[in-house]
Amino acid sequence: GDVDASAFAHAARAYAAMNATDPDAIWFYQGWILGAGDADVVAGYAAAVPAGRLVISDMWAEWAPIYPMLAAQGVPYVYGALQNFGGTLYLGMSVDVINTGAPEDPSAAPSLRDALATYAGGLGVGAFPEGVDQNPAYFTFLFDALWATADGAPRDLGAWWRRYALERYGADVPRAASAWAALGATVYGIDERANATEGGFEREKARGGV
């Protein structure tokens, strides 16, 4: 495909600076500025850096994935979840998308495990929240979703939320399990892509979530 000359020149200089101090340097590039239409830019980066020495983070892979483009260019990537911007803190986001894919278009956003199985070059899973140390349930599921169930099927989310409550509190507390089951079915269970990272609990509540 086409190679963006300015992207090639930028990447060549950037990697040369890294390589000057570390002959085995690996450039981990935040893919936030890249979109699905930037294949020529990615091709320029890839052409300027030795194979396997450029890794790009797909920082919003669960909602606006670029890993299909990265895989097509032969660039290793990390499947990432962003979930919020600039410290916008709330309980919510859909674990269903990570578990089974977006129901309206699973081919555009498959489940995490299907994404890594389908698109070559996935090196792992990353969390890139701008508001850190919050919403632990969502990120616990993100990292748990990679591990296979016994039959390879998506997680039984009802069972997962019961186990989460048990592990979180260290005891079987029926009211806690019930509360997390309710949250799992509402603010963590609604697949709404439009303005997905804004509004959180209040947005979901206004739409009948809780």
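Data block above holds the structure.
These numbers come from a predicted model, not from an experiment.

Student: Is there a simple way to think about helix 7 (residues 157-169) in this case?
Tutor: For an α-helix the count is 3.6 residues per turn, leaving residues at separations of three or four pointing the same way. When the terminal C-alpha atoms of helix 7 are compared, their 18 Å separation across 13 residues agrees well with the 18 Å that a helix rising 1.5 Å per residue should span. Buried residues belonging to helix 7 abut helix 4 (95-100), helix 6 (136-144) and helix 8 (174-185). The backbone nitrogen of Gly-158 lies 3.1 Å from a side-chain oxygen of the residue at the head of helix 7, namely Asp-156. Phi for Gly-170, located one or two positions after helix 7, is positive at around 70 degrees.

Student: Could you clarify how one ought to interpret the sheet that holds strand 2 (residues 54-58) in this entry?
Tutor: Strand pairing within a sheet occurs via backbone hydrogen bonds; the two strands may be parallel or antiparallel. Pairing is parallel across the open sheet formed by four strands, whose spatial order is 1-2-3-4. Each having just a single partner strand, strand 1 (27-30) and strand 4 (122-127) make up the two edges of the open sheet. Going from strand to strand, the sheet's axes swing by 25 degrees on average, the running direction of each strand aside. Sheet topology note: the strand 3 (residues 77-81)/strand 4 ladder contains five bridges and is parallel. Bridge pairing in strand 4 places Tyr-77 opposite Gly-122.

Student: What's the story with the packing of aromatic side chains in this structure? I'm lost.
Tutor: Working definition: an aromatic ring pair is given by the centre-to-centre distance plus the angle between the planes. This structure, assessed with the given rule, holds 16 aromatic pairs. Judged by centre distance (5.7 Å) and plane angle (5 degrees), the ring pair of Trp-161 and Trp-180 falls under stacked. Residue Trp-161 is found in helix 7, and its partner Trp-180 is found in helix 8; the two are separated by 19 residues along the sequence. Put simply, the rings of Phe-141, Trp-160, Trp-161, Tyr-164, Trp-180 and Tyr-188 pair up and form one aromatic cluster.

Student: Any chance you could explain the environment of Gly-101 here in plain terms?
Tutor: The topology assignment puts Gly-101 in the loop between helix 4 and helix 5 (112-118). Placed 39 residues apart in sequence, Gly-101 and Glu-62 show a C-alpha to C-alpha distance of 8.4 Å. Those residues in contact with Gly-101, other than ones at most four positions away along the chain, are Asp-96, Ala-109, Pro-110 and Ser-111.

Student: Please clarify how the pattern of salt bridges should be interpreted in this entry.
Tutor: If charged atoms from side chains of opposite charge come close, those side chains can pair. In this structure the tally under the stated criterion is three salt bridges. Put simply, Asp-144 and Arg-155 hold a salt bridge, and the shortest N to O gap is 3.6 Å. With Asp-144 in helix 6 and Arg-155 in the loop between helix 6 and helix 7, this residue pair connects regions lying 11 residues apart in the sequence.

The rules behind the values
Residues numbered from 1 in each chain as written. Predicted model: local features only at pLDDT ≥ 70, side-chain atom pairs only at ≥ 80, totals over all residues. Heavy atoms only, no water. Helix = DSSP H or I, 4+ residues; strand = E, 2+ residues; numbered from the N terminus. Expected span 1.5 Å × (residues − 1). Contact = heavy atoms within 4.5 Å. Polar contact = N/O pair within 3.5 Å; in protein donor to acceptor, adjacent residues only side chain to side chain. Pairing = 2+ DSSP bridges. Axes fitted to C-alpha atoms, helices over the stretch in contact; angles between N-to-C directions. Phe/Tyr/Trp six-rings, centres within 6.5 Å; stacked < 30°, edge-to-face > 60°. Salt bridge = Lys/Arg side-chain N within 4 Å of Asp/Glu carboxyl O.

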